[in-house]
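Descriptive analysis of the structure
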Amino acid sequence: MNRHLLSAADLDRDDALLVLDTAAELASLTDRAVKKLPTLRGRTVVNLFFEDSTRTRISFEAAAKRLSADVINFSAKGSSVSKGESLKDTALTLEAMGADAVVIRHHASGAPHRLAHSGWIQGSVVNAGDGTHEHPTQSLLDAFTMRRHLAGGKGDLEGRRITIVGDVLHSRVARSNVLLLATLGAEVTLVAPPTLLPVGVETWPCATSYDLDSALKDADAVMMLRVQRERMNASFFPSAREYSRRYGLDARRMALLPDHAIVMHPGPMNRGMEIAAEVADADRSVIVEQVSNGVSVRMAVLYLLLGGAQLGSPLDPSSQLETAEA
Amino acid sequence: MSAARTPDDARTVLDSAEIARALTRVAHEIVERAKGADDLVLLGIPTRGAFLARRVAERIRDIEGADVPVGSLDITMYRDDLRRAPARALLPTEIPAGGIDDKVVVLVDDVLYSGRTIRAALDAMNDIGRPRAVQLAVLVDRGHRELPIRADYVGKNIPTSTSEKVLVLVSEHDGEDAVLIAGHGGARAEENA
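From a predicted model like this one, the values you see are computed outputs, not experimental measurements.

1. A closer look at the overall build of chain B
- A count of helical and extended segments in chain B gives four helices and eight strands.
- The N-to-C order of helical and strand elements in chain B reads β-α-β-α-β-β-α-β-β-β-α-β.
- On C-alpha atoms alone, chain B measures out to a radius of gyration of 16 Å, which is about the 16 Å that the 2.2 N^0.38 rule sets for 193 residues.
- Considering only C-alpha atoms, chain B reaches an extent of 45 × 40 × 30 Å along its principal axes.
- Across chain B, every contact between residues at least 6 apart in sequence was considered, and the portion connecting residues at least 24 apart equals 70%.

2. Quick notes on the sheet that holds strand S9 (residues 262–264) of chain A
Residue and element names in this part refer to chain A.
- Reading across the sheet, the five strands line up as S7-S6-S5-S8-S9 and stay open at both edges, with parallel pairing between neighbours. Where the open sheet ends on each side, the last strands, each with one partner, are strand S7 (207–209) and S9. Shown here is a sheet whose adjacent strand axes are inclined to one another by a mean of 20°, direction ignored.
- For strand S6 (residues 187–191) and S7, the ladder comprises three bridges, and the chain directions are parallel. Each bridged residue has a counterpart across the sheet, and for Val191 the counterpart in S7 is Ser209.
- Contacts from helix H5 (residues 136–150) reach strand S5 (161–165), strand S8 (221–224) and S9, with the element oriented near 170° to S9.

3. Some details on the sheet that holds strand S6 (residues 153–157) of chain B
Residue and element names in this part refer to chain B.
- Taken together, five strands build an open sheet; the order of strands is S3-S2-S4-S5-S6 and the sheet is parallel. Both edges of this open sheet fall to strand S3 (70–72) and S6, since each of them pairs with a single strand only. Pairs of neighbouring strands in the sheet enclose a mean axial angle of 25°, with direction left out of account.
- Both strand S4 (residues 104–112) and strand S5 (residues 133–141) contribute to a ladder of eight bridges, which runs parallel.

4. Let's talk about the nonpolar core
- Leu140 and Leu190 of chain A are the most contacted members of the largest nonpolar core, which has 120 residues in total.
- With 11 residues, helix H11 (residues 287–306) of chain A is the single largest residue contributor to this core.
- Shared between two domains, this core takes at least three residues from each, and those domains are domain 1 (8–134 + 294–325) and domain 2 (136–289) of chain A.
- What Leu190 of chain A contacts, discounting residues up to four positions off in sequence, is Ile164, Val168, Val178, Leu197, Val201, Trp204, Cys206, Ala207, Thr208 and Ser209 of chain A.
- Counting residues in hydrophobic clusters, the runner-up holds 32 residues, among them Leu23, Leu40, Val166 and Ile181 of chain B.

5. Quick notes on the packing of H5 of chain A against H11 of chain A
Residue and element names in this part refer to chain A.
- Where H5 meets H11, the closest approach of the two axes is 8 Å, and the angle between their N-to-C directions is 115°. Considering only the axes of H5 and H11, their crossing is right-handed. Contacts between H5 and H11 involve Thr137, Gln138, Leu140, Leu141, Asp142, Phe144, Thr145, Arg148 and His149 from the former and Glu289, Gln290, Asn293, Gly294, Val297, Arg298 and Val301 from the latter.
- Split by residue class, the contact of H5 with H11 holds five nonpolar, seven polar and four charged.

6. Points about the domain arrangement of chain A
Residues and elements named next belong to chain A.
- By domain assignment, chain A separates into domain 1 (8–134 + 294–325) and domain 2 (136–289).
- The straight-line distance from the C-alpha centre of domain 1 to that of domain 2 is 26 Å.
- Each partner contributes to the interface: domain 1 provides 30 residues, whereas domain 2 provides 25 residues.
- At the boundary of domain 1 with domain 2, total buried surface from both sides reaches about 2,300 Å², with 63% on carbon and sulfur atoms.
- Of the charged contacts, one joins Arg13 and Asp156 as a salt bridge, the two residues approaching to 3.0 Å between their closest N and O atoms.
- Taken together, domain 1 and domain 2 are joined by eight residue pairs in polar contact (both at pLDDT 80 or more).
- Counting only elements with at least two residues in the side of domain 1 that touches domain 2, the list comes to helix H1 (13–27), helix H2 (55–66), strand S3 (101–106), strand S4 (124–130) and H11.
- The dominant element in the side of domain 1 that touches domain 2, judged by the number of residues it contributes, is H1, at nine residues.

Analysis parameters
- In every chain, residue numbers begin from 1 and rise along the written sequence.
- Here the convention is simple: chains get letters from A, ligands get numbers from 1, in the order in which they are written.
- This being a predicted model, a pLDDT of at least 70 is required before a residue's local features are given, and a value of 80 or more before pairs of side-chain atoms are given or counted; all residues contribute to the totals for chains, interfaces and linings.
- Only hydrogens and water are set aside when side-chain values are computed; all heavy atoms of the structure are taken into account.
- The way it works is that DSSP assigns letters per residue, a run of H or I at least four long becomes a helix, a run of E at least two long becomes a strand, and they are numbered from the N terminus.
- For this measure, only C-alpha atoms enter the radius of gyration; the expected value for a globule follows 2.2 Å times N^0.38, where N is the number of residues.
- Residue contacts follow a heavy-atom distance rule, with two residues in contact if any of their heavy atoms lie within 4.5 Å.
- Should DSSP find at least two bridges between two strands, the strands are regarded as paired.
- Only C-alpha atoms enter the line fits that serve as axes; for helices the fit covers just the stretch in contact. Angles between N-to-C directions range over 0 to 180 degrees.
- Working definition of a nonpolar core: buried Ala, Val, Leu, Ile, Met, Phe, Trp, Tyr and Cys residues. They are joined through side-chain atoms within 4.5 Å.
- Only protein chains enter the accessibility calculation, which uses a 1.4 Å probe; a residue is then buried when its area is under 20% of its type maximum, exposed when over 50%, and partly exposed in between.
- The start and end points of each domain follow an automatic or database-based domain assignment.
- Should the near helix be turned anticlockwise from the far one by less than a right angle, the crossing is left-handed, and should it be turned clockwise, the crossing is right-handed.
- Throughout this entry, Asp, Glu, Lys and Arg are counted as charged residues, while Ala, Val, Leu, Ile, Met, Phe, Trp, Tyr, Cys and Pro are counted as nonpolar. The remaining residues, Gly among them, count as polar.
- Buried surface area refers to the total accessible area, computed with a probe of radius 1.4 Å, that the two partners give up upon joining, counted for both partners together.
- Within this document, salt bridges are pairs made up of a side-chain nitrogen of Lys or Arg and a carboxyl oxygen of Asp or Glu, the two lying within 4 Å of each other.
- Residues adjacent in sequence count toward polar contacts only when both atoms are side-chain atoms; beyond that, a polar contact is any pair of N or O atoms within 3.5 Å, and within protein one must be able to donate a hydrogen and the other to accept it.

As structure tokens, then:
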């Protein structure tokens, strides 16, 4: 593992499997009477959120607390950021408070990278979503959920077919998922209207299609993306009704999926827009499970970034295993 | 991995037959002290302790005709030296369905050395339940304790120097059963059981 987690591309196959395997062990904590481990005692994790979020922030907070870290929540609203403080001065403040890790969500793509590589802070930086760029922990929890349902909870996702549908242009979730799923050997197809596919998508390690029906019949998992109205400053499709007709997942389309296929959504959902209520509540929908897996995966990330000595260099996995037994 | 674990200068101190006899004796002692197999739970500390726990359970079944619940307890998250090394991969923790509350838990590990692993295991158990009693069974006690911890059942006491390294091989994981000591030359004093 690198010292930071900024992009799903930071993880090679071994790193990604280490995170997923660690998360699988940590998931068993949920069944225990004491849902807490002493591992990060005395470490401070700052949740630095410049953009609204409920599930990601709560998920990171729960993950850090279950590892006994001290958590400081910082949201831009009601802080000195609303008085005009820069990212740099905010970072220097956090550094002065002794933050060991900063979990950052920012509306500007690249803000986590800037925070990690400007020498403002010593600790680890975890990208919790930056603009329309990346959201690596979301892709890890999605891969974790897919692995549980499609690969028996072990190994990679070699040959599994994943269809990601909707507003790819504005989706950091789609970008991180494409990168991570390709690392894990899955075959990803992006389905969206031409206006909602980013420029340069042909260089991504995935296929693209404009037709949802044909992309469903041999999918192992279908992931619906939210239409991000707040980022849309132009008309990308004629009407919500037309979008929903052509790219929404309703009961008829769900019936086209193979029996074992699962339906995913990173949330928050617009019921009736990209996903019908009856689909969101169907047995094959794993949307609620994605949320609980998010805590386990984020615990794994925080543990792997903060749990050991901070050497700042990639590690040999075999030496890790050897010392683990000693 | 098993090959990397065996340095060139290693000498065998217990062979497979001696390990089998030691485990059989330990199983008899556990049953004798517990006056049967009721309420016993064996928890092995991964990797090799977990295999040894399963073997001891098989022997108890041969002796008493009763199935003793067996599980494993990973102590990685409870170690006191986590910050001295890169983050470690976690190993499986499997607590038997009946839990450990009010049971007599026998921890099983391959080598007892500083006692720090056992301290971590006691902490880990504290978060899982409240056993009536906790006992410790090890295949090898090599001395050099750094904490006030002792084993209740010992396969073999092997006096060592701290510069030596004790290696336990089990067939389930390493392809053979043996206990080896690697000599002073180049042996890393990192064994921490």
